[in-house]
Amino acid sequence: MELDLGDKPETVSVLLPIPAERAYSYAVPPGLTLAPGDYVQVPLGPRKVAAIVWDSPGDDEVDPIKLRPVEQKFDCPPLARDMRKFIDWLAAYTLSPPGMVLRSVLRAPGALDPELPLDGIRFSGGEPERLTDARRRVLEVVAEQEGLAWTRSGLANVAGVSASVVEGLQKQGIFEPVLIPPAPVVAKPLPDTVGPDLSEQQQKAATLLVESVETGGFETCLLDGITGSGKTEVYFEAIAAALDRGKQVLILLPEIALTATFLERFEQRFGAPPAQWHSGLAPRMRERVWRQVATGQVRVVAGARSALFLPFPEIGLIIVDEEHDSAYKQEDRMFYSARDMAVVRASIGSFPCILSSATPSVESRVNAEAGRYRHVRMDERHGDAVLPDLDIIDMRKNPPPRGKFLSPILTDAMKAAVGRGEQALLFLNRRGYAPLTLCRVCGFRFECRNCSAWLVEHRFRNQLQCHHCGHSEPTPEACSNCGTLDHLVACGPGVERLAEEVDETFPDARIIVLSSDMLGGVNRLRLELESIAKGEADIVIGTQVVAKGHNFPLMTCVGVVDADLGLANGDPRAAERTFQLLSQVTGRAGRVGGKSIGLMQSYAPEHPVIQAIASGDREAFYEREIAMRKSAGLPPFARLVSIIVSALDKREAESHARAIKLAAPASAEAQILGPAEAPMALVRGRYRYRLLVHAPRAFDVQSYLRSWMSAGPRERGSVRVQIDVDPQSFL
Ligand code: ADP
Ligand code: ZN
C-alpha cells in the first residue's frame, strides 16, 4: 500500500510473537482505527504474521517514513487489558522476551477470523426420479428429523451411503442449500442445578470460597483437605457462584488427558461439560475453543497450564487443582510455574484464585500461614470413608526372597485383600523392566550415548530405552563391551519386572500394569482406569499415573514398593515430593468405607519423611519441613534462580558458564554458586553446566539478572543459556 510521504504517518506499536524484547512500530493506514488489544496482521520481512496492538511504545528508532503499514485488523474481540498486563508481567518475571510469551496466546491462528457457517442442505420435499435403496435410506433419515439441516457428509454417514448419493438427490431438487451456523463447542453450564448435600465441614469450606467469589477482588484461597474430603464438590460451589455472577471460570488440572472422571462429575453438577484445552486437541477444535473463549460463548475451561493464556474477556475465577503437582512447572523454552502465574493472573484481574490439594506445596502452606492466602481446611473424609492404616515395612528385617522385591508382609496383605474380593495396588515409580542393565563378566553398564543416564530395559518391547531423550536400541544378546553372550543382568525393578513377580505369586489374579508409556496411550489408560474402578482387576501395578486423583472404591491395600526412591537425590524438594507422592498413593486406599491399609517398603524407616507419612501426621511434616527450609535459607524464605548453560562441546559449555560468572555484578545480597557440571551432565547430546543464584526474598533478582545478562557474553555457536526463576528441577 502507498503512504503519503508528505505527512508523518500515524503509528501504532505492535507486539509480535517472536523473541524480541519490545514491540515494533507500524504505520496505521488511513481509515483504520486501532486500539491496544486489537489483533492485526503485519509484515515481518517477507512474512505476514498475526500480532497484537500493544500498550508500550514501539521501537521508536525507525524513521517513521520507512515504517511498514499494518495490513489488516482481524474481526476478533480485542485481548483484554488485564491479559496484556499479565503477558508483560510474566515476561519481566521470567526474563523471557514478551513476544515469546505472546506466542502462547496466539496458538490458534485460524481463530482470529469469525467462525464461518457450514454449507448444509435441508429436505425440501418431492420424490427422486428413481428410488434406489441408498436413496431410500437417505430419505428415511431425513424424515425422522424433519426440518433439520445437515452437512452432506454428515447425512451420508448417518444414512450409511456415499456422499454422491446425497449430491445426486440435491441435483434433483430434493434438498435445498442452507447455511448452518457454527455450533458452540459445549453447552452452557447451569450454575443453579444442585450438587450433593454437603457435610457440615464441606459446607463451611464452600461458604468461605463462595464468599470470596461474591466479595469479588483478588484473594487466594488454599483449599487444604485430605484425599477424599470432597474438595472437588466444594470448589464446584465456588464455580457456581462465579457463573451466577456472569464470570468465566478456568480450572487448571495437572493431567488433563486422564481426567475423564472429572469432566463427568462437572457435567453431572452443571448439566454440561467444560470446554477442554490441552496439547492433544485437534487443530480445528483448538481454534473453535479459542474463538469461543474470546467471544465469551465458552464459560468454563478445564485445561493444562497453557490454558492460562486463553483470551478470556470475563474471567472471574481460577481453580488450580492438585496445586502441588510438578506438572505445573514448564521447563521448555519458557520457564514458569502455572500455579504461581494463576495467582498473578488473578491478582492482575482482581478476582479470586483457589489452590486445591491434599498435600499442598510448602510454598502455599507458608503463604497460608503468613496470612497471604485464606486457609480453608478439611480433615474428614466424606461419608464413611476412612484413611487407610499406614505402616512401614522395615526391609532390613523383612527382606524379600532372593531375586524378588516384595516383602512377605506385603504379599500376605495383598493375599488377604484379593481373597476378600478387594483390590491391591503396587506403586513403583519406574517404568520398564529394570532401571539398569549390566554385564556380569566385565561390569559394563548400558548408558545412553546422548545423556548421562542408564538405559532402561523394556522387556516387553525387547528394547533398551533412554527415558530422557527417547533413544532406544534392541536389547543386545552380547555385551557391547566384552562381547560375552547371554551374561547381561537386569538390576533393580521396574513395573514390568514387578508384574512378573506378582504373576508368579498370584497365578490366578487379574493383573493390570499401568504406566505413562504403555501401548495404546492415553485412551487405553483411561479405559484401564475405568475397568479398575469397576473391579475388573485384582492387582494393579503402576507408576505415578495411578497416584493422581482416581477413585478406586474396591482398593483396600496399597503397597509402596520403594518408599526411599526419590529421597536420595540432592533436590531441596525431595522430602516434599516424596511426602506428596506417597500420601497421594496411599490415599487411593479406602475411599469408600471399610478398613484398608497402606504399606511402605523402606530401608530407612527412621527417615523423618517416611515417619511423617506413616504416622499420618501431615501437620508435623509441614512444621518440620518449613522449619528446615527457613533455617537452610531455601525457598520460599529465599529466592533461587538457576542458569543452565549448554553446548554441543563440553569445553565450550564450561568456558561460557565461567565467562557468565565473571560478568556477574557485585552484590552484597546475591550469592552465586557454580558453575558446576549439572547432575544430568549430558542431555540429548548437549553438555550442561549450572549456576545457581541465591538471594534474600526481598531482593529484586530480575533487575539483577537483567543487568548481569546484558553485561555477560552473548550466546554463540551451539551455546544456549536458559534462565529458570524459582527452579523446581536441579538436575
Ligand atoms: P477430594 O478431591 O478431596 O479427594 P472428591 O471431591 O473427589 O475428594 O470426593 C471424594 C469422593 O466422595 C467422590 O466420589 C465424591 O463424589 C464423593 N463426595 C464428596 N463429597 C460428597 C457429598 N457431599 N455427597 C456425596 N458424595 C460426595
Ligand atoms: Zn538419552
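Residues numbered from 1 in each chain as written. Chains lettered and ligands numbered in written order. Predicted model: local features only at pLDDT ≥ 70, side-chain atom pairs only at ≥ 80, totals over all residues. Heavy atoms only, no water.

Colleague: Just to check I follow, could you spell out the environment of Pro-605 for this structure?
Modeller: Note on placement: Pro-605 falls in the loop between β28 (597–602) and α16 (608–615). It is 35 Å that separates the C-alpha atoms of Pro-605 and Arg-374, two residues lying 231 residues apart in sequence. Residues contacting Pro-605, with those up to four places away along its chain left out, are Ile-392, Asp-394, Arg-396, Ile-610 and Gln-611. (Helix = DSSP H or I, 4+ residues; strand = E, 2+ residues; numbered from the N terminus. Contact = heavy atoms within 4.5 Å.)

Colleague: In this structure, what is going on with the coordination of the zinc ion (ligand 2)? I would like to understand it.
Modeller: Under perfect tetrahedral coordination by four donors, a metal shows angles of 109.5 degrees; under perfect octahedral coordination by six donors, it shows angles of 90 or 180 degrees. For the zinc ion (ligand 2), the full set of protein donor atoms is Cys-448 (SG), Cys-451 (SG), Cys-466 (SG) and Cys-469 (SG), and the range of their distances to it is 2.3 to 2.4 Å. In primary sequence terms, the donor set of the zinc ion (ligand 2) follows C-x2-C-x14-C-x2-C. Placement of Cys-448 in the loop between β20 (436–439) and β21 (456–458) and of Cys-466 in the loop between β22 (463–465) and β23 (472–474) is noted, with a sequence separation of 18 residues between them. For the residue pair Cys-448 and Cys-466, the accessibility class agrees, reading buried in each case. (Donors = N, O, S within 2.8 Å, 3.2 Å for Na, K, Ca; no water. Buried < 20%, exposed > 50% of the residue type's maximum accessible area, 1.4 Å probe, protein only.)

Colleague: How should a positive patch on the surface be read in this particular structure?
Modeller: A contiguous patch of positive charge on the surface is contributed by Arg-47, Arg-103, Arg-107 and Arg-333. You can see Arg-103 is positioned in helix α2 (residues 98–105). The class for Arg-103 is partly exposed, based on a relative accessible area of 37%. (Patch = residues over 30% accessible without salt bridge, like charges linked within 9 Å, V, L, I, M, F, W, Y side chains within 5 Å. Areas by Shrake-Rupley, 256 points an atom, 1.4 Å probe, with all protein chains shown as cover. Salt bridge = Lys/Arg side-chain N within 4 Å of Asp/Glu carboxyl O. Lys, Arg positive; Asp, Glu negative; His and termini not counted. Charge placed at Lys NZ, Arg CZ, Asp CG, Glu CD.)

Colleague: I tried to follow the pattern of salt bridges on my own but got confused; where do I start?
Modeller: Close approach of charged atoms lets side chains of opposite charge pair. Here the structure, examined in full by the defined rule, presents 37 salt bridges. In this structure, the salt-bridge partner of Lys-595 is Asp-389, at a minimum N-O distance of 2.7 Å. Note that Lys-595 is positioned in the loop between α15 (574–586) and β28 and Asp-389 in strand β18 (residues 389–394), a separation of 206 residues in sequence. The exposure class assigned to Lys-595 is exposed, which follows from its relative accessible area of 63%. For Asp-389, a relative accessible area of 38% gives the class partly exposed. The shortest N-O distance in the salt bridge between Arg-618 and Glu-619 comes to 3.5 Å. Relative accessible area serves as the criterion here: at 17%, Arg-618 is assigned to the buried category. Via salt bridges that share partners, Asp-224, Arg-365, Glu-369, Arg-377, Arg-618 and Glu-619 belong to a single interconnected network.

Colleague: Help me out: how do you make sense of the sheet that holds strand β16 (residues 352–357) in this one?
Modeller: Strand pairing in a sheet relies on backbone hydrogen bonds. The paired strands run either parallel or antiparallel. Across the sheet, 7 strands lie side by side as β11-β12-β10-β13-β16-β9-β17; this open sheet has parallel pairing. Strands at the two margins of the open sheet, each flanked by one partner only, are β11 (275–277) and β17 (374–378). Averaged over neighbouring strand pairs, the angle between their axes works out to 20° when direction is ignored. Sheet topology places β11 next to strand β12 (residues 300–303); 3 bridges connect them, and they run parallel. Counted as the bridge partner of Gln-276 is Ala-302 from β12. Relative to the sheet, helix α6 (residues 200–215) contacts β9 (219–225), β13 (315–321), β16 and β17, its axis offset from that of β17 by approximately 160°. This element, helix α9 (residues 283–294), spans β10 (248–252), β11 and β12 of the sheet and lies at about 115° to β11. (Pairing = 2+ DSSP bridges. Axes fitted to C-alpha atoms, helices over the stretch in contact; angles between N-to-C directions.)

Colleague: Any chance you could explain the nonpolar core here in plain terms?
Modeller: For soluble globular proteins, nonpolar side chains are generally found buried alongside one another. Counting residues in each nonpolar core, the largest one holds 80 residues, and the members touching the most others are Trp-290, Val-301, Leu-308 and Phe-309. Ignoring any residue separated from it by four or fewer positions in sequence, one finds Trp-290 in contact with Tyr-39, Cys-76, Val-105, Ala-108, Ala-111, Leu-112, Trp-277, Leu-310 and Pro-311. Judged by nonpolar contacts, the second largest core, of 35 residues, contains Leu-525, Ile-532, Phe-552 and Met-600. (Core = buried A, V, L, I, M, F, W, Y, C linked by side-chain atoms within 4.5 Å.)

Colleague: In this structure, what is going on with the packing of aromatic side chains? I would like to understand it.
Modeller: Where two aromatic rings form a pair, the distance of their centres and the angle of their planes describe that pair. Overall, the coordinates contain 17 aromatic pairs when judged by the stated rule. A ring pair is formed by Tyr-235 and Phe-236, whose centres lie 5.8 Å apart and whose planes are at 90°; its orientation type is edge-to-face. For the pair Tyr-235 and Phe-236, a shared accessibility class is recorded, and that class is buried. Ring geometry for Phe-621 versus Tyr-622: centroids 5.6 Å apart, planes at 70°, classification edge-to-face. There is no split in this pair, since Phe-621 and Tyr-622 are both buried. Through pairs of rings, three or more aromatic residues link up here, namely Tyr-235, Phe-236, Phe-262, Phe-266 and Phe-270. Over the ring of Phe-86 we find Arg-345; its NZ or CZ atom is 6.0 Å from the centre of that ring. (Phe/Tyr/Trp six-rings, centres within 6.5 Å; stacked < 30°, edge-to-face > 60°. Lys NZ or Arg CZ within 6 Å of the ring centre and 35° of its normal.)

Nothing here speaks to function; it is geometry throughout.
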